[in-house]
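Structure assessment
So you can see what is in the structure, the chains are spelled out below.
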Amino acid sequence: MTVHRREVITALAALPLVGACNRTSVAKAEVDKSAKRSLANLYDCEGCEGVFERDAAVMKWEADVASPNEPGEVFVFEGVVYQADGKTPAPNVVLYAYHTNADGLYANGTNETEWSRRHGRLRGWIKTGADGRYRFRSVKPAPYPNDELLAHVHLTVQEPDRRPYWIDDIVFDGEFGVTAKYRRLRTNKGGNGIVRLARSADGVWQARRDIFLETHP
């Protein structure tokens, strides 16, 4: 299996959700796409076991993936997790996020578990509240060394009393690798993972990625 990449600071907790917009038509489109796909392989998910490596009972709706000393540009990604209807917020959903560092490596993992070693040090967990919101603070990941693969953030979803599953990675619109071919090959599992980045006044990269839970086989 290939290995992955990046993390953050402090006074960002008050940041509002980024890029809020009228999402009625967007949500419907994502739900329609989801309904048309076969989900027989929904649970084919190597590494999804990582979602269980922290106690959900003490998780909050936001988390730091990186320490304040992590090299790289500060990056916040956030959104709302919705039920499969595309409009009802989904509470008590655990999200497990991990990605490469600023050098494009899944580096400095620990021997705690196989996945803590293979996914590197930049990983985090949240659990949504009644409003379905989530927020991760990290550093912006880079493409794999030698541009082998575009920059991305992995997300695993754990719904209450369900098996975990991957959703489409977060990738960055307009950056290396997000080509027309790449867009055609997306499954839109969990909704569209291609995000637009914007810088806040204090220079923090921000992105919104709403998530639509999958129907289960």
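Higher on the page you've got the structure.
Residues numbered from 1 in each chain as written. Predicted model: local features only at pLDDT ≥ 70, side-chain atom pairs only at ≥ 80, totals over all residues. Heavy atoms only, no water.

1. Examining the overall build of the chain
The number of helices and strands found in the chain is 3 helices and 11 strands. Along its sequence from the N terminus, the chain presents helices and strands in the succession α-β-β-β-α-β-β-β-β-α-β-β-β-β. Buried residues in the chain amount to 51% of all 217 residues. In the chain, of all internal contacts separated by at least 6 residues, the share reaching a separation of at least 24 is 75%. Just so you have it, the chain exposes about 10400 Å², and 52% of that area is on carbon and sulfur atoms. (Helix = DSSP H or I, 4+ residues; strand = E, 2+ residues; numbered from the N terminus. Buried < 20%, exposed > 50% of the residue type's maximum accessible area, 1.4 Å probe, protein only. Contact = heavy atoms within 4.5 Å. Areas by Shrake-Rupley, 256 points an atom, 1.4 Å probe, with all protein chains shown as cover.)

2. Brief notes about the pairing of strand β2 (residues 74-82)
On any regular strand, side chains alternate: one points to one face of the sheet, the next to the other face. Buried residues dominate β2, accounting for 9 of its 9 residues. Relative to strand β5 (residues 133-139), β2 runs antiparallel, the two being bridged by 7 bridges. Paired with E78 across the bridge in β5 is R135. Pairing geometry for β2 and strand β10 (residues 205-208), over 4 bridges, is parallel. Each residue of the ladder has a partner; that of V76, found in β10, is Q206. One ladder, built from 2 bridges, connects β2 with strand β11 (residues 211-212); its direction is parallel. Looking across to β11, one finds that V81 is bridged to I211. (Pairing = 2+ DSSP bridges.)

3. What about the nonpolar core?
In this structure, F77, V81, L95, Y134, F136 and L155 are the most contacted members of the largest nonpolar core, which totals 30 residues. Those elements giving two or more residues to this core turn out to be β2, β3 (94-99), β5, β6 (153-158), β7 (165-172) and β10. The element that contributes the greatest number of residues to this core is β7, accounting for 4 residues. Every residue in contact with L155, bar those within four places of it in the chain, is listed here: F77, Y96, A97, F136, Y165, W166, I167, I170, R209 and I211. Counting 8 residues, the second largest nonpolar core, distinct from the first, contains M59, Y96, Y98 and W125. (Core = buried A, V, L, I, M, F, W, Y, C linked by side-chain atoms within 4.5 Å.)

4. Structural notes on the environment of I167
Considering the arrangement of structural elements, one finds I167 in strand β7. In the structure, I167 is positioned 13 residues away from H154 in sequence and 7.9 Å away in space, judged by C-alpha atoms. In contact with I167, other than residues within four places in its own chain, are L155, V157, K189, G190, R209 and I211.

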